[in-house]
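Fold and geometry: a report
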Amino acid sequence: MQDRRIKNILTAEPLKQKIEVRGWLRTRRDARDFSFLEINDGSCLDNLQVIASSDLENFKDIVLKLHTGCSVLVAGVLRKSPAKGQTVELHADRIEVYGWADPESYPLQKKRHSFEFLRNIAHLRPRTNSLGAIARIRSSLSYAVHQFFRDHGFIHVHTPIITTIDCEGAGEMFRVSAPSHFLKDNSEEPRDSEFFGKPANLTVSGQLQAEVYAMALGNVYTFGPTFRAENSNTSRHLSEFWMVEPEMAFCDLSENMALAESFLQYLVRHVLEKDSLDMSLFAKFIDKKLFAKLDKVIENPFVRITYTEAVAILQKADKNFEFPVRWGTDLQAEHERYLCEIVFNQPVFITDYPKDIKPFYMRVNADGKTVAAMDLLLPGLGEIIGGSQREERYDVLVARMQELRLNLEEYRWYLDLRAFGTAPHSGFGLGFERFLQFVTAMNNIREVIPFPRTPGSALY
Ligand code: 4AD
Ligand code: MG
């Protein structure tokens with residue numbers, strides 16, 4: 001007696017063997033002398049078809065009462081399927097029920113549900129085809145991220161979740177504090193009112209700590225959850241999201257972009273090759289042009305233009321933007337989409353933004369007005385990557401931090417990296433959920449993370 005998951009059974013299992021399968025019933029259809037059961041165990045998109053003959057001893061009492069959502073064990077013999085739609089089928093000689101699902105109250109019925117509806121039952125939605133496929137693709141791409149960096153000699157660094165700095169300087173941080181009874185002290189000694197002795201927050205980016213390790217190990221990356229208390233309730237923003245952040249010593253902006261390009265193309269190639277069954281679902285139901293769109297990304301080099309060039313193109317554009325384009329202001333989503341989708345119809349790197357709209361750590365260019373920044377924009381999505389060459393010159397960095405009224409003492413350790421053995425270095429951050437949105441063509445970012453956190457919502 002062998003025990004197998006459906007993914008293996010459908011691809012590799014020899015016929016005529018006796019096997020056992022465990023999973024959840026998707027559908028039951030009754031014919032004259034038997035029932036067809038579709039079983040899914042989450043190992044792949046496809047179901048296993050089970051033939052349950054009316055000869056089974058519990059046919060009337062159990063089999064005919066099975067409904068969508070029940071969990072079952074089926075033992076039987078695998079045979080070649082005579083019908084279209086599947087290659088093999090399992091002829092059951094024993095069926096047991098682990099758990100019933102009352103058809104009156106089980107929210108997942110056979111029909112297609114809207115993604116908004118499924119979001120409100122996020123504890124059951126991974127049992128649907130689409131959310132199950134997203135979960136497998138997410139896992140597969142997470143593995144590919146590590147594989148890519150490992151193959152390129154990068155060291156994985158675990159940067160902290162709780163920190164006392166504000167990497168992006170945008171102040172969009174969640175405060176971390178301890179319960180007040182913990183902080184009220186019964187002893188005579190005065191205690192700090194802060195658990196960590198000073199205000200702490202959930203990290204918005206692991207970059208500054210990754211820089212520490214890059215300045216010792218050369219090429220490093222961090223991949224973890226990051227948190228932003230932005231009040232943006234859009235289809236592209238989460239309050240908790242995952243970011244991949246490589247950081248490279250002895251690396252300038254153009255090498256940084258070359259790495260970002262080959263990383264992104266690697267991930268797209270990976271998902272097309274390794275997850276083709278799950279991907280076919282999105283190409284069929286969400287975006288018919290999905291494969292063509294992804295092929296284009298791996299076949300063509302990305303466009304590279306400066307912010308100043310982008311502004312010139314937008315100002316000449318034959319289009320009325322809601323937000324006017326003026327050198328010195330940040331590009332809006334409508335501008336990014338115009339460049340990416342109308343002008344180039346390709347991924348576009350925009351470089352050398354005005355320093356006043358970018359964080360303190362970016363390297364100031366020779367013009368004194370712009371910084372060695374790069375954003376990568378994807379058609380249909382917008383910004384996927386933000387990165388830069390870092391300011392490695394001690395005096396320039398201090399001047400910049402003073403301009404922005406940052407507390408130099410708080411960043412003494414960061415300045416030390418420039419005081420002792422400084423070196424040019426660069427890195428970027430890729431929003432993992434935004435990338436998942438791109439490859440699955442899902443419209444809303446809340447569908448590509450298991451339990452989305454957004455302003456006003458943190459279920460489970
Ligand atoms: O452009 P950002 O803010 O860059 C940084 O945090 C740098 N410290 C990265 C680095 O250089 N190491 O964020 C990077 C990416 C964005 O391009 C976007 O894809 C994603 O993170 N991102 C979000 N994704 C989902 N929800 C949000 N609220 C996001 N904010 C940023
Ligand atoms: Mg950014």
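Throughout what follows, the structure given in this document is the object of discussion. Keep in mind it's a predicted model, so treat the numbers as computed, not measured.

The next thing to look at is the packing of aromatic side chains. In total, this model carries 20 aromatic pairs according to the counting rule given. Ring centres 5.7 Å apart and planes at 80 degrees place the aromatic pair Tyr-307 and Trp-327 in the edge-to-face group. Note that Tyr-307 is positioned in helix α9 (residues 307-316) and Trp-327 in the loop between α9 and α10 (333-344), a separation of 20 residues in sequence. Taking the relative accessible area as the measure of exposure, Tyr-307 reaches 0% and is therefore buried. Of the residues examined, Trp-327 reaches a relative accessible area of 34% and is grouped as partly exposed.

Around ligand 1 sit 24 residues in total, of which Glu-168, Gln-207, Arg-228, Glu-245 and Glu-383 are the nearest. Taking Glu-168, its side chain carries an N or O atom lying 2.7 Å from a nitrogen atom of ligand 1. Contacts to ligand 1 include Arg-390, whose side-chain N or O atom sits 2.9 Å from an oxygen atom. For the shell around ligand 1, the elements supplying multiple residues, two or more each, are β12 (240-249), β16 (382-389) and β17 (425-431). Residue composition of the shell around ligand 1, grouped by class: 8 nonpolar, 8 polar and 8 charged.

This next bit is on the sheet that holds β16. Read from one edge to the other, the open sheet built from 8 strands follows the order β7-β11-β12-β17-β16-β15-β14-β13, with strand pairing classed as mixed. The sheet is open, and its two edges are formed by β7 (155-156) and β13 (303-306), each paired on a single side. Note that strand β15 (residues 373-378) and β16 share 6 bridges and pair antiparallel. Among the inter-strand pairings, Met-374 is bridged to a residue of β16, identified as Gly-387. Helix-sheet contacts for helix α13 (residues 432-440) involve β11 (219-227), β12, β15, β16 and β17, and the interaxial angle to β17 is about 55 degrees.

Counting buried positions over the 7 residues of β17 gives 7, a clear majority of the element. Burial of the side chains of β17 extends over both faces: His-425, Gly-427, Gly-429 and Gly-431 are buried on one face and Ser-426, Phe-428 and Leu-430 on the other. Pairing geometry for β12 and β17, over 5 bridges, is antiparallel. Of the residues in β17, the one forming a bridge with Ala-249 is His-425. Across 5 bridges, the pairing between β16 and β17 is antiparallel. Bridging from a neighbouring strand, Gly-386 pairs with Gly-429 of β17.

A cluster of nonpolar side chains, Ile-161, Ile-162, Phe-195 and Phe-196, forms an exposed patch at the surface whose accessible area comes to about 350 Å². Relative to the assigned elements, Phe-196 resides in the loop between α4 (180-183) and β10 (200-202).

As a further point, take the pattern of salt bridges. Here the structure, examined in full by the defined rule, presents 22 salt bridges. The closest approach of N and O atoms between Arg-138 and Glu-433, which form a salt bridge, is 2.9 Å. Of this pair, Arg-138 sits in helix α3 (residues 129-151) while Glu-433 sits in helix α13, placing them 295 residues apart in sequence. Using a relative accessible area of 1% as the deciding quantity, one classes Glu-433 as buried. The salt bridge partner of Arg-418 is Glu-211, with a shortest N-O separation of 2.8 Å. With Arg-418 in helix α12 (residues 412-419) and Glu-211 in helix α5 (residues 207-217), this pair connects stretches of sequence that are 207 residues apart. For the pair Arg-418 and Glu-211, a shared accessibility class is recorded, and that class is buried. Where salt bridges share partners, they join Glu-20, Arg-22, Arg-94 and Glu-96 into one cluster.

In this section: the environment of Lys-80. Structurally, the position occupied by Lys-80 is in strand β5 (residues 71-80). Its relative accessible area of 62% is what places Lys-80 among the exposed residues. Taking C-alpha positions, Lys-80 is 8.7 Å from Leu-90, a pair spaced 10 residues apart along the chain. Leaving out residues up to four positions away in the same chain, Lys-80 has contacts with Leu-15, Thr-87, Val-88 and Glu-89.

Before going further, it helps to spend a moment on the packing of helix α8 (residues 290-299) against α13. For the pair α8 and α13, the least separation of the axes is 9 Å and the interaxial angle reads 120 degrees. It follows from the interaxial angle that α8 and α13 lie oblique. Mapping the contact onto sequence places Leu-290, Lys-293, Leu-294 and Val-297 in α8 and Phe-438, Val-439 and Thr-440 in α13. Its residues placed into classes, the contact of α8 with α13 shows 5 nonpolar, 1 polar and 1 charged.

Glancing now at the sheet that holds strand β9 (residues 175-176). A sheet is described by the order of its strands in space; here 3 strands give the open sequence β8-β10-β9, paired in antiparallel fashion. The open sheet is flanked by β8 (162-163) and β9, the only strands paired with a single partner. Of the strand pairs in this sheet, β9 and β10 are connected by 2 bridges, and their pairing is antiparallel. Its bridge partner lying in β10, Val-176 is registered against Ala-200.

Conventions and cut-offs
- Residues numbered from 1 in each chain as written.
- Chains lettered and ligands numbered in written order.
- Predicted model: local features only at pLDDT ≥ 70, side-chain atom pairs only at ≥ 80, totals over all residues.
- Heavy atoms only, no water.
- Phe/Tyr/Trp six-rings, centres within 6.5 Å; stacked < 30°, edge-to-face > 60°.
- Helix = DSSP H or I, 4+ residues; strand = E, 2+ residues; numbered from the N terminus.
- Buried < 20%, exposed > 50% of the residue type's maximum accessible area, 1.4 Å probe, protein only.
- Near = heavy atom within 4 Å.
- Polar contact = N/O pair within 3.5 Å; in protein donor to acceptor, adjacent residues only side chain to side chain.
- Nonpolar A, V, L, I, M, F, W, Y, C, P; charged D, E, K, R; others polar.
- Pairing = 2+ DSSP bridges.
- Contact = heavy atoms within 4.5 Å.
- Axes fitted to C-alpha atoms, helices over the stretch in contact; angles between N-to-C directions.
- Patch = residues over 30% accessible without salt bridge, like charges linked within 9 Å, V, L, I, M, F, W, Y side chains within 5 Å.
- Areas by Shrake-Rupley, 256 points an atom, 1.4 Å probe, with all protein chains shown as cover.
- Salt bridge = Lys/Arg side-chain N within 4 Å of Asp/Glu carboxyl O.
- Parallel < 35°, antiparallel > 145°, perpendicular 65-115°, else oblique.

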